[in-house]
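Geometric and topological summary
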Amino acid sequence: MPRCMLVAINYRPHCLKSVPDNFYFGMFQIVDLDVKRNMNREALSALRNEGETSSEKVKVCFGNMFIKLPKKTTREMIQKDQEQLEKEISDIRKRLKAKVNHLNELQGKPELTGYSLSPLSKDEMKAIKQMLMR
């Protein structure tokens, strides 16, 4: 048996131990970021439901202190944070797909079909609806 084949055979079990750990770490990151995203969504909802009649400033918690900031600034800050969290979550999901494919490859399983599908964008959906209306 060729030497490179022996090295590959001896290397595989070691790889199979570390790949699932990386996979689960990515999943835990997604869960953690999703919790932060839900907290931001709750804060935006509270700002929206508070109404315009109340004071123009709200108290915002930064670490272990509260700071009074204008509602508009607070809303913009939270929305930017939401966008950043969405981007990070989608990046981690893309990397997880590659890790799953790598794990299947190491286990000798075929690549998952349809696993790398992504949803249609708003523009694509609009174009499809227009095509169907004709």
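Definitions and limits used
In this numbering scheme, every chain counts its residues from 1 along its sequence in written order. A pLDDT threshold of at least 70 governs which residues receive local features in this predicted model, and a stricter bar of 80 or more applies before side-chain atom pairs are shown or counted, although totals over entire chains, interfaces and linings include all residues. The side-chain values count all of the structure's non-hydrogen atoms but skip hydrogen atoms and water molecules. UniProt positions are given in the numbering used here, feature names are shortened, and annotations may be inferred rather than shown by experiment. Here a strand is any run of E in DSSP of at least two residues, a helix any run of H or I of at least four, and the numbering for each starts at the N terminus. A contact between two residues is defined here by any heavy atoms of the two lying within 4.5 Å. If DSSP finds at least two bridges between two strands, the strands pair.

In the nomenclature of an unreviewed UniProt entry, the protein is known as p53 and DNA damage-regulated protein 1 of Paramormyrops kingsleyae. Its UniProt record, at the heading Subunit (unreviewed entry), says of the protein: "Component of the PAQosome complex which is responsible for the biogenesis of several protein complexes and which consists of R2TP complex members RUVBL1, RUVBL2, RPAP3 and PIH1D1, URI complex members PFDN2, PFDN6, PDRG1, UXT and URI1 as well as ASDURF, POLR2E and DNAAF10/WDR92." Under the heading Sequence similarities (unreviewed entry), UniProt records this for the protein: "Belongs to the prefoldin subunit beta family."

Looking at the secondary structure, you find E56 in the loop between α1 (3–50) and β1 (57–62). Put simply, E56 and K72 are 16 residues apart on the chain and 8.5 Å apart in space, counted from C-alpha to C-alpha. Those residues in contact with E56, other than ones at most four positions away along the chain, are L69, P70 and K71.

This part takes up the UniProt feature "coiled-coil region" (unreviewed entry) in the protein. Sites flagged by UniProt as "coiled-coil region" (unreviewed entry) map to residues 75–102. Summarising residues 75–102: 100% helix, 0% strand, and an end-to-end C-alpha distance of 41 Å.

On to the pairing of strand β2 (residues 65–70). Across six bridges, the pairing between β1 and β2 is antiparallel. Of the residues in β2, the one forming a bridge with K59 is K68. With antiparallel pairing between neighbouring strands as the criterion, β1 and β2 make up a hairpin whose turn holds two residues, including G63 at a positive phi of roughly 70°.

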